[in-house]
Amino acid sequence: MSSSLTVVAPADCRRSGHTLASLKLKCGLQPHTLPLISVRYTTGVLLLLHRKHQPLPTIAMLIDSHHHLWKYSRDQYGWIDDQMAVLKQDFLVPELQQVAADGGIDGFVAVQAQQTLEETHTLLKMAAGEPLIRGVVGWLPLADPKVGDTLDRLASAPLLKGVRHVVQDEPDDQFILGKDFNHGVAQLEGRNLVYDVLIFARQLPASIEFVDSHPTIPMVLDHIAKPTIQVDQFDQAWEQHFREIAKRENLTCKFSGVVTEVRDEQWTIDTVRPYWEVALDAFTPKRLMFGSDWPVCLLKSPHRGWLQTVQQLAAELSADEKADLFANTAARVYNL
Ligand SMILES: [Zn+2]
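Residues numbered from 1 in each chain as written. Predicted model: local features only at pLDDT ≥ 70, side-chain atom pairs only at ≥ 80, totals over all residues.

Caption draft 1: Representation of the pairing of strand E8 (residues 194-197) in the model. By the alternation rule, side chains of E8 split into Val194 and Asp196 and Tyr195 and Val197, which are all buried. Relative to E8, strand E7 (residues 160-165) is paired through 4 bridges, and the arrangement is parallel. Each bridged residue has a counterpart across the sheet, and for Val163 the counterpart in E8 is Tyr195. Alignment of E8 against strand E9 (residues 219-221), held across 3 bridges, turns out to be parallel. (Buried ≥ 20, exposed ≤ 12 C-beta atoms within 10 Å, placed from the backbone. Helix = DSSP H or I, 4+ residues; strand = E, 2+ residues; numbered from the N terminus. Pairing = 2+ DSSP bridges.)

In structure tokens:
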């Protein structure tokens, strides 16, 4: 079976003599894009047929609820270490457009990767110029007593949909219960902003208390709270706390960032299936959203590979449930 990608071809692509690699470049595709097996021309359109890839099922709308953009620099992205060489490059709007074309993604939510207001403004600027970016989850100095003023200044930025702090990297596992931080989170009330909870599984117990303290603020649990995924050992402590936090009605969850939590070198759909089953059961498609965590997912999978994995995991769902998982939950929660 083959899948196809249709792109508008420059007129001179019709001339013979192009190699497949040069055709890809002419059409704005990276040379490493899926292998071509044949090229056909229709009027003004070049049809590229790929092999080795199952066609992606048609879904009315496809929203990727979690990705990042950055201009790489060693200083600003210190968390990218030598094991993560693939991330040491720029991932900006052209690369995102390529991902959208490859996977048939209609829209994205861009999420902060640095803890600076400058990055928040940069993401908002990129979103204003690129319709694929439907919203931004930015960073704000939540623990600053004057965060209300910062929020007032950002009130005129309609593409700011949420706020996130990298709680997972805080040395104190009780950070999420801190007084100043919680005062800041409480300021999100009534501002149409979501709080994205980024934690490791060990931080779930404190996070349950945190979510309980803000029952009227919509929150999203990133990356199913990062269980420790190993082929031969299921993370039971994660399941226990994850099912507990899922009972909070103001909380929804992203099925994203899962492959990067796999400790084994290799993974298959069966490696992540037990975690999918728990996440689906605990949150249901009405409160679960697809996300890629691109480009971080590249450490373990191309964007399209992860999308295809989730589509296969979700194959048993009804059309309405798929629509919730792949678009409607994200659109509703983030007000996209
Ligand atoms: Zn991420």
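Caption draft 2: Representation of the environment of Lys254 within the structure. Mapping Lys254 onto the fold places it in strand E10 (residues 251-255). Given 31 C-beta atoms within a 10 Å radius, Lys254 is considered buried. Taking C-alpha positions, Lys254 is 9.8 Å from Phe283, a pair spaced 29 residues apart along the chain. Discounting residues that sit within four places of it in the chain, Lys254 has contacts with Ser65, His66, Val220, Leu221, Asp222, His223, Met289 and Gly291. (Contact = placed C-beta atoms within 7 Å.)

Caption draft 3: Looking closely at the packing of helix H6 (residues 204-213) against helix H7 (residues 236-245). Where H6 contacts H7, the two axes come as close as 10 Å, and the packing angle between them is 5°. Taken together, the axes of H6 and H7 are roughly parallel relative to one another. Note on element contacts: H7 touches H6 through His241, Phe242, Glu244 and Ile245, opposite Leu204, Pro205, Ser207, Ile208 and Val211. When its residues are assigned to classes, the contact of H6 with H7 shows 6 nonpolar, 2 polar and 1 charged. (Axes fitted to C-alpha atoms, helices over the stretch in contact; angles between N-to-C directions. Parallel < 35°, antiparallel > 145°, perpendicular 65-115°, else oblique. Nonpolar A, V, L, I, M, F, W, Y, C, P; charged D, E, K, R; others polar.)

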